[in-house]
Amino acid sequence: MELRPTTTDDLQTILGWVKNNQEMVMWSGPTFTWPLGYNQLARYFGNTNRTYWSAIDVEAQELVGHASLLIDKDADLMRIGFIIVNPEHRGRGVGRNFVEAVVRQGFQASTVPVMKLGVYAHNTAALNLYESLGFTRTGVVFQTTVDEEQWEVVDMARPATPD
């Protein structure tokens with residue numbers, strides 16, 4: 001896997017990975033509205049406070065993941081988010097390698113000592129992955145209703161040098 005900056009060409013591929021409202025919210029929280037369209041992704045991609053990363057399968061030259069990193073040195077805040085892996089590549093270690101690479105990039109690019117993220121409490125695969133990478137749960141930050149279901153968002157944090 002290779003990490004590279006996301007391009008506008010990647011957005012259409014990412015759009016194809018999100019098949020319904022629940023998948024969209026699981027990936028992006030309340031940022032977008034369903035049906036998700038290219039223009040919404042283009043607006044998201046235009047946020048100059050974020051850096052956008054893509055994971056590429058080097059052999060196949062295929063986009064297999066996307067995430068963004070928000071670094072606000074004034075607020076002493078670094079946040080990884082919008083983490084998504086191509087559904088055809090899930091369960092193969094791509095997410096682990098990708099998140100590790102973006103975390104490394106974040107700590108190399110910033111002196112902010114802690115990286116944070118939010119994940120839905122019922123997304124146990126993601127919770128387990130993040131915990132295995134040194135993130136710890138810091139609490140439930142909010143609840144939201146998705147298709148008449150209550151979802152809780154768990155905040156997680158990881159120091160530059162995990163314990």
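The structure displayed is predicted, hence computed values, not measured ones.

(A) Spatial organisation of the packing of helix α4 (residues 94-109) against helix α5 (residues 124-132). Their axes nearest at 11 Å, the elements α4 and α5 cross at an angle of 50°. Judged on the interaxial angle alone, α5 and α4 are oblique. Crossing angle aside, the handedness with which α4 passes α5 is right-handed. The segment α4 lies against α5, with Gly95, Arg96 and Val99 engaging Leu129, Tyr130 and Ser132. For the contact of α4 with α5, the residue count by class is three nonpolar, two polar and one charged.

(B) How the structure looks around the nonpolar core. If you look at the biggest cluster of nonpolar residues, it comprises 27 residues, and the most contacted ones within it are Ile80, Val99, Met115, Val119, Tyr130, Phe135 and Met156. Where this core is concerned, the elements lending two or more residues are β2 (50-57), β3 (62-72), β4 (77-85), α4, β5 (114-120), α5 and β7 (149-159). Among the elements that make up this core, the one with the highest residue count is α4 (six residues). With near-sequence residues (within four places) excluded, valine 99 lies in contact with Ile80, Ile83, Leu129, Tyr130 and Leu133.

(C) Examining the environment of histidine 66 more closely. Looking at the element boundaries, histidine 66 is found in strand β3. Residue classification places histidine 66 among the buried residues on the basis of a relative accessible area of 0%. C-alpha separation for the pair histidine 66 and proline 35, spaced 31 residues apart in sequence, amounts to 20 Å. Leave out the neighbours within four places in its chain, and histidine 66 touches Thr6, Ile14, Trp17, Trp27, Tyr44, Tyr52, Trp53, Ser54, Phe82, Ile83, Ile84 and Phe98. A polar contact of 2.7 Å, which involves the side chain of histidine 66, links it to the side chain of tyrosine 44. Looking at histidine 66, its side chain comes within polar contact range of the main-chain oxygen of tryptophan 53, at 3.3 Å.

So, how was this worked out
Residues numbered from 1 in each chain as written. Predicted model: local features only at pLDDT ≥ 70, side-chain atom pairs only at ≥ 80, totals over all residues. Heavy atoms only, no water. Axes fitted to C-alpha atoms, helices over the stretch in contact; angles between N-to-C directions. Helix = DSSP H or I, 4+ residues; strand = E, 2+ residues; numbered from the N terminus. Parallel < 35°, antiparallel > 145°, perpendicular 65-115°, else oblique. Left-handed = near helix turned anticlockwise from the far one by under 90°. Contact = heavy atoms within 4.5 Å. Nonpolar A, V, L, I, M, F, W, Y, C, P; charged D, E, K, R; others polar. Core = buried A, V, L, I, M, F, W, Y, C linked by side-chain atoms within 4.5 Å. Buried < 20%, exposed > 50% of the residue type's maximum accessible area, 1.4 Å probe, protein only. Polar contact = N/O pair within 3.5 Å; in protein donor to acceptor, adjacent residues only side chain to side chain.

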